[in-house]
Amino acid sequence: MTTPLQPPPKKDPQKRSTAPTRPPEMRSRAAMHLTAAAAEGRFALQCCLECGAVQYPPRDACSSCLSTDFEWRDMPPGGTLLAETTVHASPRLFYRERMPWRAGTVQLDAGPTVLAHIHEDIAAHGRVRIEARLDQAGQGVLLALPETPTPHQEDAPLMRALSADPKHRRILITDARSPHTPALAKALQDAGAAMIFAGEPESWRPYPGRAALDALGVEVLPMDVTDTASVQKLAGEIGGKTDILINTAQMLRPGGVLERGDTAFARDEIEVNYLGLMRLAQAFGPGMCARVSDGVNSAAAWVNLLSVSAMTNAQPFGVHSASQAGAYSLSQSLRAEFRPSGLRVMNLFFGPTEADDWYQPLPPPKVTTNALARAVVDGLQRGLEDVWCGDIAQDIRERFRRDPKVLEREMTMGGDGP
Amino acid sequence: MARPASYEGVVLTAPFSTAYQRYSQDTAHFWIATALRGALRSAGLKPAELDGFSVSSFTLFPDTAVGLTQHLGLTPRWLDHIPMGGASAGVAVRRAARAIQAGDADYIACVAGDTNHIDSFRQLLSSFSRFAMDASYPYGYGGPNASFALLTDRYMHEYGATRSDFGRICVAQRANALKNPNAVMKKPLTLDQYLSARPIADPIALFDCVMPCAGAEAFLVMSQDSAEKRGLPYATLSAAIERHNAHPDDPIQLRGGWTLDVDTLWDQAGCGPQDMDLVQTYDDYPVISMMQIEDLGFCAKGRAADFLRDKDMTTTGDFPHNTSGGQLSGGQAGAAGGFIGMVEAIRQVTGQANDTQVPDAKRALVSGFGMINFDRGLCSSATVLETGMRA
């Protein structure tokens, strides 16, 4: 059984941080579909549209009928461990530093035989449950877990490598004033976070969430994402111990281009939602990238909270949507820039929330702060890249996947005139 | 399936092995040239007389057999490149023999060789196959050691073979290698040393693994008339089979393609396993040697450990096996590992094996196995050689 993970000892500041190494990243284009599903926490395999065969590894033609038409379908997760090995020698640095490494051959209930990472609590030739996870190269890999969860299974070194689990990690929530911050802090604390910091702009102005943060023992520190100096100052103070950064800073006002009449709010939205993210990344990003292999409380993830209107413009928040689209595109750049270090970028897309005043006129369903906080923690524990929180975000994701143009047309109706 | 035509009139001659080196600063081109020159010299042929050339190599990049013709100054009218790793020799022989019979070439050199720089093995792994890149290396990056560890683990579970059973193969081969001056391994190996060696990828330990090194192997294929005119000792080719991607629906590999063609092999050879004076299996890991011994009809599936338990596998024993030490003790010079058994078998049946000579060896089985594309070896080959003319 997995040994429970102990809080790490205080770091010797004179000790060199271990430089990040990564598992192999190269994949064929066909194999990237496994990654795409794993990014959302789904285990999917390639199915032939003509004969229905499920095949693995992914191919460019069906090995049963030579058809070239495929669909990636979610698969039942069950399987049996046919054979296993514990690797003691590898020419790849990432694995050398983590020896011994357990891997095995799993016969899937879905048909194919796959190689997978094997959790230490699985018995020889036992039953397993397969999950697709992103590894530190940001690529999808298959993980065999015990069929029923074992105590502390999340604490195994393998699981730490395939997640951004908040347990024993130090977390910065960038905007203490966000209505989501108290629930988020509570959920992270419940998940075992070692320390939670929150950045606070305009400290002289009272706000309802402050008491809750104090009660939780959150360390509230001054930072305004629109002020480069304040971001750099906080990064200087706690950047070396920020393991997970969650950007909750958000400027939201309704209105389209014509309705607004001027660019004032648009400028504010860009300052907070787009340039704020950039300032944070420039101040905290390099330090976090350098600490990805730094033991139990290594830097693990960067989290952006984005309105699902980042995917397709949503009225009556037309201009705000543009700032979200900009932030989303920036997050993709961050992914590319963080990749060599293995630092993850998780985007959580949400629909209208209960807590943001400006969503008050919109009809339900709306996302509660607790649901949003749970989704962040769950996403980190599973190492996801894209989390779709709430019914509306999931609906938009599905419609976007089917046809982005149809979705755009549906979202931009002119209404029946006279 | 049609019965393949006889290989009558075709012979294998001029076996040549370079000494192996753990690391080399030279290129695959150098090693292949060295072995080619050795084979041509022993046959008294000039390079210009060579009109057929067959190459197996992993480290020629960016060149292929085509680039080698210009590099080495050859003008062949028949050219082949066989990227089948451990099955290469058997496949090369099959193709070359048919070319000789058809008159497409008169003298064919079959050569396999590779270099081994300090970092070659890691680089070779990283570009080995698409399925390995997509679906096996991300899981611990153990390379072939990990892949064969999985097969070995399942084989042991399924058939009850033990580490000692595998160890006996390795220990006997080390004894054979000590009589082969070209072998990389120079020290004796005991079963205790085998069993207590450091683990590499459980259940595989150090002495289950081959030593990557640099070297090359070569031989010539020509008509019997040509060999006799030149007064060369030669082996005749009684039978040859090959198969690729056999049993794709087996969830894990416990058998190879030989099972599909074993009857063809012995039928064409006109003899059986019991008639072999020596056996050369492809021994990248000892479990694979057991698989070949079973699948080629020496014993029933899963019984190789029992079959070998009371056999003496050394050159003077009752079941001479991998008489030059094989790859496990000779070293694996890349694709030359697929040739080591063939070249040694030609030496054996022509009486040129010197210190590793099996007394009065007349018939030899040479088996090949290659290319773990994802989870299993895809290529299998086997040939039966007989004494044509002794040295």
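Bear in mind the structure is a predicted one, so any value in this text is a computation, not a measurement.

What follows concerns the overall build of chain A. Of regular secondary structure, chain A possesses 12 helices and 15 strands. The C-alpha radius of gyration of chain A comes to 22 Å, within 12% of the 22 Å expected for a compact globule of 418 residues. Across the 418 residues of chain A, 55% fall into the buried class. Across chain A, every contact between residues at least 6 apart in sequence was considered, and the portion connecting residues at least 24 apart equals 67%.

This brings us to the packing of helix α6 (residues 228-238) of chain A against helix α8 (residues 264-290) of chain A. The relative placement of two packed helices is expressed as an angle between their axes plus a distance between the axes. All names here are of chain A. Relative orientation of the contacting elements α6 and α8 amounts to 30 degrees, with a least axis distance of 9 Å. Considering their axes alone, α6 and α8 lie roughly parallel with respect to each other. Seen from above, α6 lies across α8 with right-handed handedness. Each of Thr228, Val231, Gln232, Leu234, Ala235 and Ile238 in α6 lies in contact with α8, whose residues at this interface are Arg279, Leu280, Ala283 and Phe284.

Let us now look at the sheet that holds strand β11 (residues 219-222) of chain A. Residue and element names in this part refer to chain A. Ordered in space as β11-β10-β9-β12-β13-β14-β15, the seven strands form an open sheet in which the pairing is parallel. Strands with a single pairing partner mark the edges of an open sheet, and in this sheet they are β11 and β15 (386-389). Each strand axis lies, on average, 20 degrees off the axis of its neighbour in the sheet, ignoring direction. Two strands pair when backbone bridges link them, and strand β12 (residues 244-247) and strand β13 (residues 301-307) are joined in this way by four bridges, in the parallel orientation. Residue pairing across strands places Ile246 opposite Val303, the latter belonging to β13.

To continue, consider the domain arrangement of chain A. All names here are of chain A. Domain assignment breaks chain A into domain 1 (32-161) and domain 2 (170-411). Between the C-alpha centres of domain 1 and domain 2 the distance comes to 31 Å. Of the residues lining the interface, 15 residues belong to domain 1; the matching set on domain 2 comes to 15 residues. On the domain 1 side of the interface with domain 2, the three residues burying the most area are Glu40, Leu134 and Gln136, jointly 43% of the side's total. In this assembly, domain 1 and domain 2 are joined by two salt bridges. Note that Glu40 is salt-bridged to Arg397, the shortest N-O span being 3.3 Å. Scanning the region where domain 1 abuts domain 2 turns up nine residue pairs in polar contact (both at pLDDT 80 or more). When contributions to the side of domain 1 that touches domain 2 are tallied by element, the ones reaching two or more residues are β7 (127-134) and α3 (157-161). Of the residues that constitute the side of domain 1 that touches domain 2, the class distribution is five nonpolar, three polar and seven charged.

Taken together, the contact pairs 27 residues of chain B with 37 residues of chain A. Across the chain B/chain A interface, buried area totals approximately 2,900 Å², and carbon plus sulfur atoms make up 63% of it. Taken as a group, B:Tyr139, B:Tyr141 and B:Leu150 account for 24% of the area that chain B buries against chain A, more than any other trio of residues on that side. The interface formed by chain B and chain A contains one salt bridge. The partner of A:Asp60 in a salt bridge is B:Arg130, with the nearest N and O atoms 2.7 Å apart. Only α4 (120-126), α5 (130-135), α6 (143-159) and β5 (199-201) of chain B provide two or more residues apiece to the side of chain B that touches chain A. Per element, the largest residue contribution to the side of chain B that touches chain A is six residues, and it comes from α6(B). Split into classes, the residues belonging to the side of chain B that touches chain A amount to 17 nonpolar, four polar and six charged.

Parameters at a glance
- Numbering of residues starts from 1 in each chain and follows the order in which that chain's sequence is written.
- Lettering of chains starts at A and numbering of ligands starts at 1, both following the order in which they are written.
- In view of the model being predicted, local features appear only for residues whose pLDDT reaches at least 70, and side-chain atom pairs are presented and counted only at 80 or more, with totals across whole chains, interfaces and linings using the full set of residues.
- Only hydrogens and water are removed before side-chain values are computed, so all heavy atoms of the structure are retained for them.
- Working definition: helices are DSSP H or I runs of at least four residues, strands are E runs of at least two. Numbering for both runs from the N terminus.
- This radius of gyration counts C-alpha atoms alone. The globule rule is 2.2 Å times how many residues there are, raised to the power 0.38.
- Burial status follows relative accessibility: with a 1.4 Å probe on protein chains alone, a residue under 20% of its type maximum counts as buried, one over 50% as exposed, and anything between as partly exposed.
- Residues are treated as being in contact if the distance between any of their heavy atoms lies within 4.5 Å.
- Axes here mean lines fitted to C-alpha atoms, for a helix over just the part in contact, with angles spanning 0 to 180 degrees between N-to-C directions.
- If an angle is under 35 degrees, it is roughly parallel; if it is over 145, roughly antiparallel; if it lies from 65 to 115, roughly perpendicular; otherwise it is oblique.
- With the far helix as reference, a near helix turned anticlockwise by less than a right angle produces a left-handed crossing, and one turned clockwise produces a right-handed crossing.
- Paired strands, in this sense, are two strands between which DSSP finds at least two bridges.
- Throughout, the edges of the domains are those of an automatic or database domain assignment.
- The term buried area means the drop in 1.4 Å probe accessible area that two parts suffer when joined, counted for both and summed.
- Salt bridge, as used here, is a side-chain nitrogen of Lys or Arg placed within 4 Å of a carboxyl oxygen of Asp or Glu.
- Each polar contact in these results corresponds to two N or O atoms within 3.5 Å; when the atoms are within protein, one needs to be able to donate a hydrogen and the other to accept it, and residues that are neighboring in sequence are counted only if both atoms are side-chain atoms.
- Gly is put with the polar residues, along with every residue not named as nonpolar or charged; the nonpolar set is Ala, Val, Leu, Ile, Met, Phe, Trp, Tyr, Cys and Pro, and the charged set is Asp, Glu, Lys and Arg.

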